[in-house]
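The lines below spell out each chain.
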Amino acid sequence: MAKSIPKLKQVALLEKIAQLSKAGIHQRNIAVQLSKYGHGVEKEIGQSCLDAIGSGQSFSHGLEHWISINAYQSLSSGEAVGEFVRGVQEAIEALNVDEASTGALFKVLIKPIGGLGAILGISALLSKYAYPSLLKQLPIHRWGGLSQFSYDFGLFWLNYGVVVIVLTIGLIGFVALTISKNGNYRKAFDNLPFYKQYRLIQSANLLSSVAHQTLVGKSLKESLLHYQTSSSAYLSAHIQTMLNTLGGGKSNVGDIFNSGLLLDEEHSTLVLLGEIGKTPETLYKSALIHRAKLLTDVNRLKTWGDNIIKIGVGLIAFVVIGGLLSLIFNIAMNQGAF
């Protein structure tokens, strides 16, 4: 099975497809161009699209396993209603939102997290090698408080550092495994960091895609059903709740989208917008609000996360280096007294 290519390459590929489509080239010929003249993996992707078209499926079906699920859903929805270029543009927007949220957050935090890991490792090494040799020169009861704390701090990470790393990796794995799942337990995590951002991404992309499908005459039910076919278990369950509400005779989009997916404040806004009517415009405005909220939350996480980790690294470095230098100075003073 094909593997998803990096997001920046996905954007570049979709931009190339958009340019060709805007020039009036049909999807099949776009696939031919990619398979013949594409760079690297683009040739494989072009052939995948040709195979999909040859078997009676859509161009987007050939891209399904090469691009992110959010981008695929946007592209597929646009192509399904005859708005291929718009679908490509929405797919690019979905990728940009993903990159501006999760990608940017990772890039901002990776360096300070690496610095934190390095200083903790240094503290453990000092407690294993440096402090024991210094202990031979001056009994620990004559050490200063900072030196004793620095030694004990390093011993903790020496003894339990691997356990903390394993638990951290386990936590990351748990988030990765559960973030797209459904179940009663899943609702309890909806407002936690990363889960909330995932929820906002899904909300914005769903609202935008359904808005564009209904704009060209597709019914709300058909639009939701089409999007549901390639959704995660988490999003699919929310869409099913919406479909059930729609089947119950509700017509206000705010009532229909009251599944718990949207944030309370944004859902209340959607209810007010729904009273005005014009479903496509209402949904698209709500999508823009969710995307703006997502970027605001991510920027806040980046700022606070970066600052907190850097302050933590600075404090730990002060304890580790200050404790060691204090002890060396203490030993020199005591030796000089004799």
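Scroll up a little and you will see the structure.
Here we summarise the structure given alongside this text. What you see is a predicted model; the values in this text were computed from it and never measured. (Residues numbered from 1 in each chain as written. Predicted model: local features only at pLDDT ≥ 70, side-chain atom pairs only at ≥ 80, totals over all residues. Heavy atoms only, no water.)

## What about the overall build of the protein chain?
Phase 1: Within the protein chain one finds 14 helices and zero strands.
Phase 2: Scanning the protein chain from its N terminus toward the C terminus, one meets helices and strands in the order α-α-α-α-α-α-α-α-α-α-α-α-α-α.
Phase 3: For the protein chain, the spread of C-alpha atoms along the principal axes amounts to about 95 × 50 × 30 Å.
Phase 4: The burial tally for the protein chain puts 45% of its 338 residues in the buried class.
Phase 5: Restricting to contacts in the protein chain with at least 6 residues of sequence separation, those with at least 24 account for 63%.
Phase 6: For the protein chain, the accessible area works out to roughly 17,400 Å², and carbon and sulfur atoms hold 62% of it.
Phase 7: Each charge class in the protein chain can be summarised by its mean position, and for the 29 positive and 22 negative side chains these summaries are 7 Å apart. (Helix = DSSP H or I, 4+ residues; strand = E, 2+ residues; numbered from the N terminus. Buried < 20%, exposed > 50% of the residue type's maximum accessible area, 1.4 Å probe, protein only. Contact = heavy atoms within 4.5 Å. Areas by Shrake-Rupley, 256 points an atom, 1.4 Å probe, with all protein chains shown as cover. Lys, Arg positive; Asp, Glu negative; His and termini not counted. Charge placed at Lys NZ, Arg CZ, Asp CG, Glu CD.)

## Some thoughts on the layout of surface pockets
Phase 1: Taken as a whole, the largest pocket holds about 1,500 Å³ of empty space.
Phase 2: Taken together, 41 residues line the largest pocket, and the ones lying closest to its centre are F106, I113, T168, I172 and F194.
Phase 3: When the residues that make up the lining of the largest pocket are grouped by side-chain class, the tally is 28 nonpolar, eleven polar and two charged. (1 Å grid on protein atoms, 1.4 Å probe; cavity = no way out; pocket = protein on both sides within 12 Å on 5 of 7 lines; lining within 4 Å. Points joined across faces, edges and corners; volume = space filled by probe spheres on them. Nonpolar A, V, L, I, M, F, W, Y, C, P; charged D, E, K, R; others polar.)

## Observations regarding the environment of L262
Phase 1: Along the chain, the position of L262 falls in the loop between α12 (253-256) and α13 (264-274).
Phase 2: For L262 and H238, which are 24 residues apart along the polypeptide, the C-alpha to C-alpha distance reads 9.8 Å.
Phase 3: Discounting residues that sit within four places of it in the chain, L262 has contacts with R199, S203, L207, F257, H267, L270 and H290.

## Observations concerning the packing of helix α2 (residues 27-37) against helix α3 (residues 41-54)
Phase 1: At their nearest, the axes of α2 and α3 sit 7 Å apart, and the two run at 145° to each other. Relative to α3, the crossing made by α2 is left-handed. Of the residues in α3, those in contact with Q27, R28, A31, V32, L34, S35 and K36 of α2 are E42, K43, G46, Q47, C49, L50 and I53.
Phase 2: Of the residues that constitute the contact of α2 with α3, the class distribution is six nonpolar, four polar and four charged. (Axes fitted to C-alpha atoms, helices over the stretch in contact; angles between N-to-C directions. Left-handed = near helix turned anticlockwise from the far one by under 90°.)

## A closer look at the packing of aromatic side chains
Phase 1: The final tally for this structure, using the stated rule, is twelve aromatic pairs.
Phase 2: Summarising the aromatic geometry, the rings of F156 and W157 are spaced 5.3 Å apart at their centres and angled 90° between planes, so their arrangement reads as edge-to-face.
Phase 3: The class for F156 is partly exposed, based on a relative accessible area of 39%.
Phase 4: Note on W157: relative accessible area 21%, which makes it partly exposed.
Phase 5: The interplanar angle of 70° and the centroid separation of 6.1 Å between the aromatic rings of Y185 and F189 together place this pair among those described as edge-to-face.
Phase 6: For Y185, a relative accessible area of 39% gives the class partly exposed.
Phase 7: Ring pairs connect the aromatic residues F149, F153, F156, W157 and Y160, which therefore count as one cluster.
Phase 8: In this structure, R186 packs its charged tip against the face of Y234, placed 4.2 Å from the ring centre. (Phe/Tyr/Trp six-rings, centres within 6.5 Å; stacked < 30°, edge-to-face > 60°. Lys NZ or Arg CZ within 6 Å of the ring centre and 35° of its normal.)

## Quick look at the nonpolar core
Phase 1: L14, I17, F59, L63, L75 and V88 are the most contacted members of the largest nonpolar core, which totals 26 residues.
Phase 2: Excluding residues that lie within four positions of it along the chain, L75 makes contacts with L14, S60, L63, I67, F84, G87, V88 and A91.
Phase 3: Core analysis: the next-biggest nonpolar cluster, separate from the first, contains 25 residues, L207, L261, L270 and A287 among them. (Core = buried A, V, L, I, M, F, W, Y, C linked by side-chain atoms within 4.5 Å.)

## Details of helix α7 (residues 145-178)
Phase 1: At Y160, α7 shows its strongest bend, of approximately 60°.
Phase 2: The set of residues buried in α7 consists of S147, S150, Y151, F153, G154, G161, V175 and T178. (Bend = angle between axes of the 7 residues up to and from the residue.)

## Describing the pattern of salt bridges
Phase 1: Scanning the model with the defined rule gives seven salt bridges in all.
Phase 2: Put simply, R186 and D190 hold a salt bridge, and the shortest N to O gap is 2.8 Å.
Phase 3: Its relative accessible area of 1% is what places R186 among the buried residues.
Phase 4: Ionic pairing is found between D297 and K293, a salt bridge with its closest N-O pair at 3.9 Å. Linking D297 with K293, this pair stays in helix α14 (residues 279-337), spanning four residues, or about one helical turn. (Salt bridge = Lys/Arg side-chain N within 4 Å of Asp/Glu carboxyl O.)

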